Amino acid sequence: MADAIVSVVLERIAALVEQKIRYEVNLVRGVKKEILKLSVDLNTVRNVLEDAEKKGCTDKVVKGWLTRLENTTCEMDDVLEEWNHSIRTFQIEQQSSDRDVVPHNKCTVRFCIPRSCLCFKKVSVRREIALKIKEVKEVLDQILAEKDRFGLTIAASQPSDRESWRGQTTSFVDLEEVYGRKFEREALVRKLLGEGGGSEEGIRVASIVGVGGLGKTTLAQLAYNDSRVMKFFKLRIWISVSDPFDEVEIAKRIVEKAGGRLPNSMDLDGMLQCVKESISGKKFILVMDDVWTEDDTKWKLLKNALKSGGKGSKVLVTTRNERVAKMMMGEFIENDWMIHRLGVLSDEDCWSLFCRIALCGKSKDACEELENTGKEIANKCKGLPLAIKTLASALRFKNTLEEWERVLGSEIWKLEEVEDDVFRHLFLSYNELSPTLKHCFSYCAVFPKDTRIDVDSIIERWMAMGYLGSNADDDDDWKVRGRGYFGNLAARSLFQDFRKDGDKEINSFMMHDIVHDFAQFLRKDVGSIRTMKTTCGTCNSLLLSKVEKYRSCLFDSEEVVEPHVCDSQTRVRLLDLRNCRLHDIPKEIEKLIHLRWLDLGYNLFFSDDFKSIGKLYNLQFLRVDQCTLGGISSEIGNLSELIHLDLSSNRILKELPESLCNLSKLERLNVNECRELCGLPQGIHRLKKLKHLCNEGTYSLQRYPQGIAELTSLVTLNKFLPCDGNKVGWLKNFNRVRGKVELSIKISSSCCDLVEDAREAELGKKVHIQDLTIFFNGEKVNESSSSSSLSSIWNEVLDALHPHPNLQQLTIEFYNGSRLPGWIVSPLNKLTSIVLFFCERLPSLPPLGKLPLLETLSIQNLCELEHVGREFLGIATATTTTSSCSSSCWSSSVVGTNTIDGGFPKLKTLTFWRCEKWNKWEDIGAEEDEEEYSIMRCLTHRLIIMPCLTELEIRGCDGLTELPQRLLRKVSRSLEKLNISGSTQLKQFYADGDGRKFISRHMNPRLRFAY
């Protein structure tokens, strides 16, 4: 932790120097040299901090020195930030005195300070900052001077001590000491005896991945000594690897255990040659226990030598890092089936293991007395075997209920036995982390145990805490950095219970209670000197503790009746006042000059006054969603560091102030569900860094300034309504837009450039849009003389809105054209879902069956649809002639196979709703009903139609009298639900008439039939 904060302060000082802030330094005379010397001293001490943190695990004197260094460095970080805040304060005050609205400033306020603003109006402020810097610098000097007496060495010269204290592991296991793991052992043995694990011939790799103390080595021992494994492999080798990964030493051990001859010289090349000779042709299993290195160059040399083993040979790896497992399995691995992610023990197995140790030698009466308390203690370990063994061993010689209850009532991280044994294992993973990752990990303990943590939220908090660095480089996205940091921590098994957004990224996770305790332990002595001296009679101790340790203040709305801001909270960078029943923005917030993240959401504000917030010049994230705001005051424009502004669900908010366009660093503006919002500020083009304009549910938003076309960095634009002079062509340069987009197109015969404007949008270049809704409104086609030209406009506009084939979901609403465009049925499309809603003039449906990935098709309110022909399936008809076999209808045939594309190969759900004129669904022919039939009398093809269909709904289609029976038989095996409710004639035929026999005879007996 000390390394982390020292690195942060060094980065801040380096930024001051590199950005030529000598003007600011001159404001505090005599401090410049001290700051530069501090940088040199901190760089020197950082080189020995890794050694200091290792010694601090056992030496309390070193540990105390590290704590004082960390806390004092935190203090210096605060003072440097106050320095910058003062500069910004006077700059904004001077600008405000010259004009009513803060002008757009293209320079970075923090580092580009006009000379006219470089003099404080009050000498006392200058002296106060100078005094603070010198005072903290003196304390740091004393601390840094002490480092030499600890004999600290530069980390690079020190070999890893993991193996030295952990000891060599062996293949021997006492089965009487193992509880649980029966199913895990069976699963692992199956992997070892089967195929998979890599792409290289002659060697397959399996792995066991999990956090320290989970039992990876024990599971490997169980598998290694399984009778089936012993019989299957001719040669078994166990190697305790640890760190460093010494190729020569590992190769030597393999040769020795394989009974081979060692070379005369101990060079790597000769040793690997001996490895090849000693295992040549033998089917072996090699266990490599406790692998840490991610350097594949070290592994590849050894792996190539191991390929000389017999077919079916396996390597079993245990590691804490999933990236190590994947590296060793090979870069061409298609799946991670061979990675065994080890889980925790069951409650029953935990108690059995606990009893064997803690209750050993105790009388029956004593065991009964201690049982209930013992079970609660075992539950605190949450299935982690090492923690159970540690606590049980500590209780083995405690014989009274009072002693056991004292352990139960203690925080696990405060127990000396846990610190010495359990945390020592976790420190191995922790010490592998960079200083930034150490901060990111330990900060997660700010949340209570058993909290499901949102990934995007924790990344925002890391950014606000300064862990993700600055965001000055446009090409270096802090969110990408944050995702990378999260992935690194997750791969090291420090997080668990992941949830994904479908098949996409992980969106939330949890921490094991013991890992959470460890993260708390890391921060137990962290805190600012000034904050530790501050007391508050109102704030509870837990709240103040989080302010000290995490610089975060999270009010619990259920516990706090009236949250307030006091002097003890002045260091906070994150303040959560969400749903705290506030009616006004607390004026005292303006004192929190270090605040970077503020959540005021879900409060009922009676005032729109942002004056107190407007003085938080360091603020980066602001949430005021669901606060019944009717307006936003102009002070919002003072927040020059703001990155994220959430105004969503303020349903009476009608307009945004022009001063909002002063926020030159703004990346996300969320106005979702601001239903009364009429327009966006005219100066929106000045928000050059805006990436996300979230505007779903903005039903009144019809004014889009032309300047929006200049926001070429936009990634999110949920809705765009080109009307009242707006043009869809303004989207031309929005090629970064991704996700879901809704376009609202107004058609009018008086607008002659609608088609060209639609082409100008160049939707075909928007490769990242996955979900597109095109909502039409405007002049409908009728029987008038101008209907022909108007119909042509409708058709050609939709033709021009040709999206990229990457599009996955398409919705077309209130389209009044007479046909659908040709691009919609291209086999190159990746469409998985299509919705056609109120397309009133469509008389027929195109061959949508050609779409190879379509899973959901919903056709609603097609008022003119009367006939659905066989062409709808996207396959040729049974009457296709020889000459037509080469025509476009068969262009999707696959040469060299026995199947024909088309016929909705992936469709799962098909819905027709309120197509009231629909009276005929053409069935497939008798020849097509056969499993196989001949084409051109020389090729035999298998015709597959809707093989995945599970749900068919035909609701409110009163004109349809019968369903295509041959087609129904085709889909009968997969169909699980048939719903014909509201379709009067279908109900009469299938529920009450002859059609019921067909359903019972030909359909799936498990079919859910609704009518």
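From a predicted model like this one, the values you see are computed outputs, not experimental measurements. (Residues numbered from 1 in each chain as written. Predicted model: local features only at pLDDT ≥ 70, side-chain atom pairs only at ≥ 80, totals over all residues. Heavy atoms only, no water.)

**Q** So what's going on with the overall build of the protein chain? Residues and values would help.
**A** Assigned secondary structure in the protein chain consists of 32 helices and 30 strands. Here the protein chain holds 1011 residues, and 54% of them are scored as buried. Intrachain contacts of the protein chain at a sequence separation of at least 6 include 68% that bridge at least 24 residues. (Helix = DSSP H or I, 4+ residues; strand = E, 2+ residues; numbered from the N terminus. Buried < 20%, exposed > 50% of the residue type's maximum accessible area, 1.4 Å probe, protein only. Contact = heavy atoms within 4.5 Å.)

**Q** If you had to explain the nonpolar core to someone new, which residues and values would you point to?
**A** Grouped together as the largest cluster of nonpolar side chains are 131 residues, with contacts concentrated most on L622, F912 and W921. No other element matches helix α28 (residues 787-800), which puts 6 residues into this core. Leave out the neighbours within four places in its chain, and F912 touches L845, I859, V868, F872, W918, W921, E953, I954, R955 and C957. Of all hydrophobic cores here, the second largest spans 119 residues; its members include V205, A206, L235 and L316. (Core = buried A, V, L, I, M, F, W, Y, C linked by side-chain atoms within 4.5 Å.)

**Q** Please provide a residue-by-residue account of the layout of surface pockets, values included.
**A** In this structure, the largest pocket encloses a volume near 1400 Å³. Taken together, 38 residues make up the lining of the largest pocket; nearest its centre are D456, E505, R668, H692 and R738. Counting residues per element, the ones that place at least two in the lining of the largest pocket are α22 (455-464), α23 (478-491), β8 (506-510), β13 (644-646), β14 (668-670), β15 (692-694), β18 (739-747) and β19 (769-778). If you tally residues by element for the lining of the largest pocket, the top one is α23, at 4 residues. (1 Å grid on protein atoms, 1.4 Å probe; cavity = no way out; pocket = protein on both sides within 12 Å on 5 of 7 lines; lining within 4 Å. Points joined across faces, edges and corners; volume = space filled by probe spheres on them.)

**Q** With reference to specific residues and values, describe the packing of aromatic side chains.
**A** Summed over the entire model, instances satisfying the criterion amount to 34 aromatic pairs. Residues F423 and F521 carry aromatic rings whose centres are separated by 5.1 Å and whose planes lie at 45 degrees to one another, so their mutual orientation is tilted. You can see F423 sitting in helix α20 (residues 422-431) and its partner F521 sitting in helix α24 (residues 513-522), a full 98 residues away along the chain. Like F423, the residue F521 is buried in the burial classification. Each ring, one from Y443 and one from Y467, has its centre 6.3 Å from the other, and the planes form 70 degrees; the classification is edge-to-face. Placement of the pair is Y443 in helix α21 (residues 435-443) and Y467 in the loop between α22 and α23, with a sequence separation of 24 residues. (Phe/Tyr/Trp six-rings, centres within 6.5 Å; stacked < 30°, edge-to-face > 60°.)

**Q** Give a description of the sheet that holds strand β10 (residues 574-576) that names residues and reports values.
**A** Across a sheet, strands are paired by hydrogen bonds formed along the backbone, either parallel or antiparallel in direction. The sheet built from 8 strands is open, its strands ordered β9-β10-β11-β12-β13-β14-β15-β16 with parallel pairing. Two strands close off the open sheet at either side, each with one partner strand: β9 (552-554) and β16 (716-717). As paired strands, β13 and β14 are joined by 3 bridges and run parallel to one another. Residue pairing across strands places D646 opposite N670, the latter belonging to β14. (Pairing = 2+ DSSP bridges.)

**Q** Residue-level account of a negative patch on the surface, with values.
**A** Residues D365, E368, E369, E376 and E405 make up a contiguous surface patch of negative charge. By the element assignment, E369 lies in helix α16 (residues 364-380). (Patch = residues over 30% accessible without salt bridge, like charges linked within 9 Å, V, L, I, M, F, W, Y side chains within 5 Å. Areas by Shrake-Rupley, 256 points an atom, 1.4 Å probe, with all protein chains shown as cover. Salt bridge = Lys/Arg side-chain N within 4 Å of Asp/Glu carboxyl O. Lys, Arg positive; Asp, Glu negative; His and termini not counted. Charge placed at Lys NZ, Arg CZ, Asp CG, Glu CD.)

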